[in-house]
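Structure assessment
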Amino acid sequence: METKRNVYLNMVGIEEALECLFEKFGHLETGVQTLDVVQARNRVLAAPAVAAISSPNFHAAAMDGVAVDAKSTFGASDEAPKSLTIGKTAFWVNTGHVLPEGTNSVIMIENLNVLDENTIEIEAPAFPWQYVRKMGEDMVATQLLFPRDHKINAYAMGALLSGGVFKVSVRKRPRVLIIPTGSELKRWQDVTPETMTPGDVVESNTTVLTALCTDHGADAAVTPMLEDDLKTIQTAVSDGVDQGYDMIMILGGSSAGSKDYSKPVIENLGQIYVHGVTMMPGKPLMFGRISNTPVFGIPGYPVSAIVAFEMFAGPLLLAMQHLPPIRRDVVEVSPVRKVASKLGQEEFLRVKIGSVDGRLMSSQLPRGSGSITTLTEADGIIRIPQHVEGLEAGEKVQAHLLRPLESIENKVVITGSHDNTLDLLADQIRLEHPGMGISSSHVGSMGGLMAIKKGGCHMAGCHLLDPDDGTYNISYIKKYLPDIPVRLVNLVMRRQGLILPKGNPDNIKKLSDIVEKKLAFINRQPGSGTRILFDFSLKENGLSPADVPGYENEEYTHMSVAVAVLSGRARAGLGIKAAALALKLDFLPVVTESYDLVIPEVYYNLPKVQALLCAIRSEQFKQRVMALGGYGVEKTGQELFDSKTII
């Protein structure tokens with residue numbers, strides 16, 4: 001039986017889709033319930049909260065000492081002290097005690113001269129209500145403590161209890177039903193890394209969206225995972241509507257494939273309003289109405305699912321509780337490199353952000369909708385409007401922060417070549433210097449030098465071979481950074497070579513074997529030190545790029561090259577031994593190279609850069625590097641070159 005494919009009809013922009021969503025569902029509310037104040041944290045008041053008692057509800061001593069009638073102390077001085085009688089004109093009190101009747105002031109015990117057990121002496125008069133918390137000083141009975149729609153936090157709970165308000169009327173938390181769909185999905189409880197087979201996908205979206213629902217004041221329930229079957233999914237949605245859920249989210253099946261059933265389910269049971277929004281990621285988002293319930297078709301790719309929730313489902317959940325939208329801090333950043341973008345779609349570009357010389361610089365992360373790590377690594381989001389074709393390097397644009405600005409400013413920005421030890425270094429600096437960190441982006445060695453030239457990073461990771469003399473990095477620094485004083489510090493010595501399938505089934509013994517056997521190769525991007533090394537090796541062997549099958553296929557990290565070989569997408573790639581060892585692949589050595597950090601002199605003595613160098617030179621870091629395999633640390637932390645001596 002042939003199944004129809006969905007078609008994106010009348011895709012709409014984000015603002016138009018939001019307008020439609022709130023026009024259809026903005027009036028929805030979740031009802032009201034009464035809770036004890038101690039259970040009401042983060043809940044929203046459905047009615048005003050009015051103090052039932054005054055606080056304090058008596059005149060209270062604010063200091064340890066004696067309570068007096070201020071009039072009885074007038075005239076006291078150093079030259080003419082006054083005596084007071086305990087129990088008649090002065091009464092011992094402690095902080096918080098009720099003031100005895102007829103008194104209106106407290107004299108601190110430090111300002112008393114005790115003559116005997118019945119008599120004290122004072123050398124200065126008291127004034128009325130001195131050191132006294134007057135009745136109603138904090139709040140007065142019948143006073144409005146909080147209006148309706150106030151969100152109750154820890155401070156508010158204390159104020160309510162102090163005002164004699166022990167129960168409050170609050171808005172109910174929205175109830176959300178999440179329905180995960182997809183025949184390929186596996187629960188994490190049912191698999192191990194060893195038992196997973198090609199095509200299996202660990203289902204993570206329900207965990208993420210359940211947590212996001214909680215962050216937006218809602219309670220989420222999750223159905224068992226459903227296979228791609230129209231009737232099964234339709235029954236689950238219908239049951240959810242009958243059970244009174246305030247919102248239903250179908251996870252997966254919102255795209256245009258023949259097994260994508262979210263659209264027909266909503267159409268069969270109700271009405272669909274939007275299918276497809278001009279945003280990236282998240283384009284396949286859809287929503288409609290079944291009975292009076294909003295039903296979303298949430299894309300299955302993790303980043304698409306998160307963006308769709310945060311742009312549409314999340315704001316609606318907040319509106320149901322009369323809560324304002326979540327606002328993120330916005331800062332002005334400048335992209336280190338030019339960013340291309342498609343016209344006609346608003347793009348949510350995930351970026352790393354670093355503070356360099358007082359400027360916030362951004363570097364883009366991979367754009368895949370399935371790459372949830374691009375959100376875990378991102379410091380912010382740049383929204384590129386649908387009428388803009390891209391961003392120029394250095395252009396000032398707005399970024400919505402995903403983490404506090406302070407944590408961004410405490411990071412060392414490293415741009416350039418990728419190396420696995422940078423991950424170790426990021427952890428090591430946090431271990432030795434809590435609060436500090438690394439923001440690294442992988443644009444190749446030449447890209448790192450260009451970032452230094454533009455003032456876009458604190459340092460660059462480089463391993464650029466000079467084929468004339470066999471040295472690394474120094475000749476490139478002299479050529480491309482002639483006017484910028486820099487220091488060159490070794491991070492590691494590492495083995496570069498051919499990464500091959502386990503067991504080397506093609507019996508590769510030298511580089512030329514790849515050409516002779518016409519094996520698919522996976523390359524690194526232009527400007528990377530590995531690409532320069534590969535091109536040099538080809539030339540040494542009398543070969544050209546045209547001789548290498550797959551020469552044009554590129555990846556940006558050594559681990560990505562290793563994964564390409566592991567998956568069978570390529571039969572060989574040039575990379576570091578540590579990447580091959582990590583994935584249990586074979587490795588054919590080609591060269592030992594120096595992977596160094598190029599550090600502009602202007603940043604060298606910054607506390608965070610010195611903290612990084614301290615971490616690099618630690619014995620613990622060197623031991624962790626050696627445990628990876630494929631590295632040498634004989635020069636780690638050594639300064640190899642200082643360009644000030646030649647400028």
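A quick note: this is a predicted structure, and the numbers were derived from the prediction, not measured. (Residues numbered from 1 in each chain as written. Predicted model: local features only at pLDDT ≥ 70, side-chain atom pairs only at ≥ 80, totals over all residues. Heavy atoms only, no water.)

Some words on the overall build of the protein
- From N to C terminus, the protein includes 18 helices and 38 strands.
- Relative to its length of 647 residues, the protein is extended, with a C-alpha radius of gyration of 34 Å against a globular reference of 26 Å.
- Overall, the protein is about 110 × 75 × 45 Å in size when its C-alpha atoms are taken along their principal axes.
- In the protein, which comprises 647 residues, the share counted as buried stands at 50%.
- Of the contacts formed within the protein by residues at least 6 apart in sequence, a portion of 76% connects residues at least 24 apart. (Helix = DSSP H or I, 4+ residues; strand = E, 2+ residues; numbered from the N terminus. Rg over C-alpha atoms; globule rule 2.2 N^0.38 Å. Buried < 20%, exposed > 50% of the residue type's maximum accessible area, 1.4 Å probe, protein only. Contact = heavy atoms within 4.5 Å.)

As for a negative patch on the surface
- Among the surface-exposed residues, Glu15, Glu16, Glu19 and Glu23 lie close enough to one another that they form a single negatively charged patch.
- Checked against the element boundaries, Glu19 lands in helix α1 (residues 14–25).
- Judged by relative accessible area, which is 57%, Glu19 ranks as exposed. (Patch = residues over 30% accessible without salt bridge, like charges linked within 9 Å, V, L, I, M, F, W, Y side chains within 5 Å. Areas by Shrake-Rupley, 256 points an atom, 1.4 Å probe, with all protein chains shown as cover. Salt bridge = Lys/Arg side-chain N within 4 Å of Asp/Glu carboxyl O. Lys, Arg positive; Asp, Glu negative; His and termini not counted. Charge placed at Lys NZ, Arg CZ, Asp CG, Glu CD.)

Description of the environment of Val336
- One can find Val336 in the loop between β22 (330–335) and β23 (339–340).
- In contact with Val336, other than residues within four places in its own chain, are Met361, Ser362, Ala393, Ala451, Lys454 and Gly456.

Considerations on the sheet that holds strand β20 (residues 286–290)
- Here we have six strands laid out as an open sheet, ordered β16-β13-β17-β21-β20-β18, and mixed in their pairing. Strands with a single pairing partner mark the edges of an open sheet, and in this sheet they are β16 (219–222) and β18 (271–275). When the angles between neighbouring strand axes are averaged without regard to direction, this sheet yields 20 degrees.
- Pairing analysis gives five bridges linking β20 to strand β21 (residues 293–298), with the strands arranged antiparallel. Looking across to β21, one finds that Arg289 is bridged to Pro294.
- Relative to β21, helix α6 (residues 302–320) is tilted by about 165 degrees, and along the sheet it contacts β13 (175–180), β17 (247–251), β20 and β21. (Pairing = 2+ DSSP bridges. Axes fitted to C-alpha atoms, helices over the stretch in contact; angles between N-to-C directions.)

Describing the packing of helix α9 (residues 421–432) against helix α17 (residues 607–616)
- Where α9 meets α17, the axes come as close as 9 Å, and the angle between the chain directions of the two elements is 105 degrees. Classified by the angle between their axes, α9 and α17 sit roughly perpendicular to one another. Residues Leu425, Gln428, Ile429 and Glu432 of α9 pack against Lys608, Ala611, Leu612, Cys614, Ala615 and Ile616 of α17.
- Across the contact of α9 with α17, the residue classes break down as seven nonpolar, one polar and two charged. (Parallel < 35°, antiparallel > 145°, perpendicular 65-115°, else oblique. Nonpolar A, V, L, I, M, F, W, Y, C, P; charged D, E, K, R; others polar.)

Some points on α9
- The terminal C-alpha atoms of α9, which comprises 12 residues, lie 16 Å apart, in line with the 16 Å expected from a rise of 1.5 Å per residue.
- Every buried residue of α9 is listed here: Thr421, Leu422, Leu424, Leu425, Gln428 and Ile429. The buried residues of α9 occupy one face: seen down the axis, they fall within an arc of 145 degrees. (Expected span 1.5 Å × (residues − 1). Arc of directions from axis to C-beta.)

Here's the deal with the pattern of salt bridges
- A complete count under the given rule lists 24 salt bridges for this structure.
- Between Asp379 and Arg403 there is a salt bridge, with the nearest N and O atoms lying 2.6 Å from each other. In this pair, Asp379 is assigned in the loop between α7 (373–376) and β26 (380–384) and Arg403 in the loop between β28 (397–401) and α8 (405–409), connecting sequence segments 24 residues apart.
- Under the relative-accessibility criterion, Asp379 is labelled buried at 0%.
- Within this structure, Arg487, Glu601, Glu639, Asp642 and Lys644 form a network of salt bridges that share partners.

Notes on the nonpolar core
- Counting residues in each nonpolar core, the largest one holds 58 residues, and the members touching the most others are Leu491, Ile499, Val598 and Leu612.
- Sequence-distant contacts of Leu612, that is, excluding residues within four places in its chain, are made with Val412, Ile414, Leu425, Ile429, Ile438 and Met459.
- Listed in part, the 39 residues of the second largest apolar core include Cys20, Ala218, Phe309 and Phe312. (Core = buried A, V, L, I, M, F, W, Y, C linked by side-chain atoms within 4.5 Å.)

A closer look at the sheet that holds strand β5 (residues 82–85)
- Strand order in the open sheet made by the three strands is β5-β9-β8, with antiparallel pairing throughout. The open sheet has two free edges, formed respectively by β5 and β8 (113–116), since each of these has just one partner strand. Each neighbouring strand pair of the sheet contributes to a mean axis angle of 30 degrees, computed without reference to strand direction.

Some words on the side chain of Ser55
- Of note, Ser55 is situated in the loop between β2 (49–50) and β3 (60–61).
- Every residue in contact with Ser55, bar those within four places of it in the chain, is listed here: Gly136, Glu137, Asp138, Met139 and Ser162.

With respect to the packing of aromatic side chains
- With the rule as written, the count across this model stands at six aromatic pairs.
- Here the aromatic rings of Phe521 and Phe534 are separated by 4.4 Å at their centres, their planes lie at 10 degrees, and the arrangement is stacked. In this pair, Phe521 is assigned in strand β33 (residues 521–524) and Phe534 in helix α13 (residues 529–540), connecting sequence segments 13 residues apart.
- On the basis of relative accessible area, Phe521 is assigned to the buried category, the value being 2%.
- Exposure remark for Phe534: the relative accessible area of 1% places this residue in the buried category.
- Taken together, Phe287, Phe296 and Phe312 form an aromatic cluster joined through their ring pairs.
- One residue, Arg175, lies across the ring of Tyr245, its end atom 4.2 Å from the ring centre.
- It is Arg487 that lies over the ring of Tyr604; its NZ or CZ is 3.9 Å from the centre. (Phe/Tyr/Trp six-rings, centres within 6.5 Å; stacked < 30°, edge-to-face > 60°. Lys NZ or Arg CZ within 6 Å of the ring centre and 35° of its normal.)

Quick word on the side chain of Asn104
- Within the secondary structure layout, Asn104 lies in the loop between β6 (91–93) and β7 (105–108).
- Once residues within four sequence positions are removed from consideration, Asn104 is found in contact with Val68, Asp69, Ala70, Leu99, Pro128, Trp129, Gln130 and Val132.

A few points about unusual backbone geometry
- The step from Ser55 to Pro56 runs through a cis peptide bond, and the omega angle for that step is -10 degrees.
- Examined against the element boundaries, Pro56 turns out to sit in the loop between β2 and β3.
- For the bond from Met280 to Pro281, the omega torsion is 0 degrees, close enough to zero to count as cis.
- Of note, Pro281 is situated in the loop between β19 (279–280) and β20.
- Positive phi is not limited to glycine here, since Asp149 has a value of about 75 degrees.
- Considering the arrangement of structural elements, one finds Asp149 in the loop between β11 (144–146) and α2 (154–162).
- Even without being a glycine, Asn504 presents a positive backbone phi close to 45 degrees.
- Here Asn504 shows up in the loop between β32 (486–500) and α12 (512–516).
- You can call Asn504 buried: its relative accessible area is 18%.

Let's talk about α13
- Across its 12 residues, α13 extends 16 Å between first and last C-alpha, which sits within 8% of the 16 Å expected from 1.5 Å per residue.
- Looking only at α13, the buried set comprises Gly529, Thr530, Arg531, Leu533, Phe534, Ser537 and Leu538.

Keep in mind these values describe shape, not function.
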